[in-house]
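Structural overview
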Amino acid sequence: MPPIDRPTLTIMMYDRWEKTDLYAAVLEDPESVAVARFNMLGRDFMNFWKSQRGGPWDLPAGRIAEFNRFLRGTIEIVARRDGAAENVRSAGPTAGRSY
């Protein structure tokens, strides 16, 4: 995930087969610019939020680099706020830091 200039990065789940869920995820927060899909082992994911289940989760900006170390595979941008549904695949688990 890229560095951000806000205090937290909100992470939430959505049903990847429901386009309405996908766009609701972007439109819910006026500062959201995209929806990204990533993979991480469940045990690693829960290490960040031991007591909060179901989300959404607020990842402190200072922990994004730590979070990135646990990502597996590619980060895929699946929707952008401008309405253009895209399937842009990143090059690897550290991709996405440049946008």
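Attention here is on the structure that accompanies the text. (Residues numbered from 1 in each chain as written. Predicted model: local features only at pLDDT ≥ 70, side-chain atom pairs only at ≥ 80, totals over all residues. Heavy atoms only, no water.)

1. Some points on the overall build of the chain
To keep things clear, this is the line we draw: Numbering goes from the N terminus for both helices and strands, where a helix is a DSSP run of H or I of at least four residues and a strand is a run of E of at least two. Only protein chains enter the accessibility calculation, which uses a 1.4 Å probe; a residue is then buried when its area is under 20% of its type maximum, exposed when over 50%, and partly exposed in between. We call two residues contacting when some pair of their heavy atoms lies within 4.5 Å. The accessible surface values rely on the Shrake-Rupley method and a 1.4 Å probe; as for residues, cover is taken only from the protein chains in view.
When you go through the chain residue by residue, the secondary structure sums to three helices and five strands. Traced from its N-terminal end to its C-terminal end, the chain shows the element sequence β-α-β-α-β-α-β-β. Taking all 99 residues of the chain together, the buried fraction comes to 30%. Looking at the chain alone, contacts between residues at least 24 apart form 61% of all its contacts between residues at least 6 apart. In the structure as shown, the chain presents an accessible area of about 6400 Å², 53% of it carried by carbon and sulfur atoms.

2. Remarks on the packing of aromatic side chains
Here is the rule we go by: Two aromatic rings from Phe, Tyr or Trp, using only the six-membered ring of Trp, form a pair when their centres are within 6.5 Å; if the ring planes differ by under 30 degrees the pair is stacked, by over 60 it is edge-to-face, and anything between is tilted.
For the coordinates displayed, the defined rule picks out three aromatic pairs. For the pair F38 and F67, a centre-to-centre distance of 5.7 Å together with 80 degrees between the ring planes defines the contact as edge-to-face. Here F67 lies in helix α3 (residues 64-68) and F38 lies in strand β2 (residues 34-40), a separation of 29 residues in the sequence. The two residues F38 and F67 agree in class, both being buried.

3. Things to note about the nonpolar core
Put simply, the rule is: What we call a nonpolar core is a set of buried Ala, Val, Leu, Ile, Met, Phe, Trp, Tyr and Cys residues that are connected through their side-chain atoms within 4.5 Å.
I11, F38, F45, W49, L59 and F67 are the most contacted members of the largest nonpolar core, which has 14 residues in total. Looking at this core, the elements with two or more residues in it are β1 (8-11), β2, α2 (42-48), β3 (57-60), α3 and β4 (71-80). Residues within four places of F45 in sequence aside, it is in contact with I11, F38, M40, W57 and F67. In this structure, A25, V26, V35 and V78 belong to the second largest nonpolar core, which totals five residues.

4. Thoughts on the pattern of salt bridges
Note the threshold: The working definition used for a salt bridge is a side-chain nitrogen of Lys or Arg within 4 Å of a carboxyl oxygen of Asp or Glu.
Considering all chains together, one arrives at three salt bridges under this definition. For E76, the salt bridge is made with R37, and the minimal N-O distance between the two is 3.3 Å. With E76 in strand β4 and R37 in strand β2, this residue pair connects regions lying 39 residues apart in the sequence. Linking R43 and D44 is a salt bridge whose minimum nitrogen-to-oxygen distance equals 4.0 Å.

5. Overview of the layout of surface pockets
Short version of the rule: Residues are said to line a cavity or pocket when one of their atoms sits within 4 Å of a point; the points come from a 1 Å grid over protein atoms alone, cavities being sets where a 1.4 Å probe fits but cannot get out and pockets being open sets with protein on both sides within 12 Å along at least five of seven lines. Grid points are joined across faces, edges and corners, and a volume is the space filled by probe spheres set on the points. Think of it as three bins: nonpolar holds Ala, Val, Leu, Ile, Met, Phe, Trp, Tyr, Cys and Pro, charged holds Asp, Glu, Lys and Arg, and polar takes everything else, Gly as well.
Approximately 1000 Å³ is the volume found for the largest pocket. Around the largest pocket, the lining is made up of 34 residues, and of these T10, I11, M12, A36 and F38 lie nearest the centre. No other element matches the seven residues that β2 contributes to the lining of the largest pocket. The residue makeup of the lining of the largest pocket, split by class, is 22 nonpolar, five polar and seven charged.

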